[in-house]
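For reference, the chains in residue letters:
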Amino acid sequence: QVQLVESGGGLVQNGGSLRLSCAASGRTFSSYAMGWFRQAPGKGREIVGGITRGGESTYYTDSVKGRFTISRDNAKNTVYLQMNSLKPEDTAVYYCAARLGSWYATSVNFYSYWGQGTQVTVSS
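Remember, it's a predicted structure, so these values are computed and weren't measured experimentally.

*Asks:* Any details on the overall build of the chain? Residues and values, ideally.
*Replies:* Along its length, the chain carries zero helices and 11 strands. For a compact globule of 124 residues, the expected C-alpha radius of gyration is about 14 Å, and the chain comes in at 13 Å, within 12% of that figure. Taken along its principal axes, the extent of the C-alpha atoms in the chain is 40 × 25 × 25 Å. Counting contacts in the chain only where the partners sit at least 6 residues apart, residues at least 24 apart contribute 59% of the total. As displayed, the chain offers around 6200 Å² of accessible surface, 45% of which is attributable to carbon and sulfur atoms. Across the chain, the mean location of the 12 positive side-chain charges is 4 Å away from that of the 7 negative side-chain charges.

*Asks:* A description of the sheet that holds strand 3 (residues 18-24) should follow, citing residues and the corresponding values.
*Replies:* Picture the strands of a sheet paired through backbone hydrogen bonds; they go either parallel or antiparallel. Reading across from one edge, 1-3-8-7 is the order of the four strands in this open sheet, with antiparallel pairing throughout. Each edge of the open sheet carries a strand with a single partner, namely strand 1 (4-7) and strand 7 (68-73). Geometrically, the sheet is characterised by an average inter-axis angle of 15 degrees between neighbouring strands, direction not taken into account. Two elements, strand 7 and strand 8 (residues 78-83), share six bridges in a ladder whose sense is antiparallel. For Ile70, the partnering residue across the bridge sits in strand 8 and is Leu81.

*Asks:* Would you mind going over the packing of aromatic side chains in detail, with residue names and values included?
*Replies:* If you walk through the whole model with that rule in mind, you get seven aromatic pairs. Between Tyr32 and Tyr113 the ring centres are 6.0 Å apart and the planes differ by 75 degrees, which places this aromatic pair in the edge-to-face class. Of this pair, Tyr32 sits in strand 4 (residues 32-39) while Tyr113 sits in strand 10 (residues 113-114), and the two are 81 residues apart along the sequence. Classification of Tyr32 as buried rests on a relative accessible area of 7%. Aromatic pair Trp103 and Tyr104: ring centres 5.6 Å apart, planes at 70 degrees, arrangement edge-to-face. Judged by its relative accessible area of 18%, Tyr104 is buried. Every member of this aromatic cluster is reached through a ring pair, and the members are Phe37, Tyr95, Tyr111 and Trp114. Over the face of the ring belonging to Tyr95 we find Arg45, whose NZ or CZ atom lies 3.6 Å from the ring centre.

*Asks:* Quick one: what's the story with the environment of Arg99, residue by residue and with numbers?
*Replies:* Its location among the elements puts Arg99 in strand 9 (residues 92-100). Residue Arg99 is classed as buried on the basis of its relative accessible area of 19%. The sequence separation of Arg99 and Asn109 amounts to 10 residues, and the corresponding C-alpha distance is 9.9 Å. Here Arg99 is in contact with Ser31, Tyr32, Ala33, Tyr104, Ala105, Phe110 and Tyr111, once residues within four sequence places are set aside.

*Asks:* Describe the side chain of Ser21, naming the residues involved and giving the relevant values.
*Replies:* Examined against the element boundaries, Ser21 turns out to sit in strand 3. You can call Ser21 buried: its relative accessible area is 17%.

*Asks:* Let's hear about the side chain of Thr61: which residues, and what values?
*Replies:* For Thr61, the position within the fold is in the loop between strand 6 (58-60) and strand 7. The exposure class assigned to Thr61 is buried, which follows from its relative accessible area of 18%.

How each quantity is defined
- Residues numbered from 1 in each chain as written.
- Predicted model: local features only at pLDDT ≥ 70, side-chain atom pairs only at ≥ 80, totals over all residues.
- Heavy atoms only, no water.
- Helix = DSSP H or I, 4+ residues; strand = E, 2+ residues; numbered from the N terminus.
- Rg over C-alpha atoms; globule rule 2.2 N^0.38 Å.
- Contact = heavy atoms within 4.5 Å.
- Areas by Shrake-Rupley, 256 points an atom, 1.4 Å probe, with all protein chains shown as cover.
- Lys, Arg positive; Asp, Glu negative; His and termini not counted.
- Charge placed at Lys NZ, Arg CZ, Asp CG, Glu CD.
- Pairing = 2+ DSSP bridges.
- Axes fitted to C-alpha atoms, helices over the stretch in contact; angles between N-to-C directions.
- Phe/Tyr/Trp six-rings, centres within 6.5 Å; stacked < 30°, edge-to-face > 60°.
- Buried < 20%, exposed > 50% of the residue type's maximum accessible area, 1.4 Å probe, protein only.
- Lys NZ or Arg CZ within 6 Å of the ring centre and 35° of its normal.

The following block contains the structure:
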């Protein structure tokens, strides 16, 4: 069982930065690959990116490549999403998710545990 709690969301201006954190409970965090997803009003939940359980490999959806960075600190049971050059279209609720195993997945269906989400709003 893994419990995830996101933090760090808020209101930021166009071009600004935010860093989201996702703190996990339990002693087996390093057994889980992690994903970040987002859901805008009226839209489905979409992948932002993922990171392998050891942090060696990351994935980003095209719309955030070069602007967002995912990292993790297994000693602190935490995964991060650094978001730079934010745009109004990045406005959404952001979720972290965990799946047991080495590799991330791009579909919500492959993640067993989810955080409650944190709101990110980018003003134009």
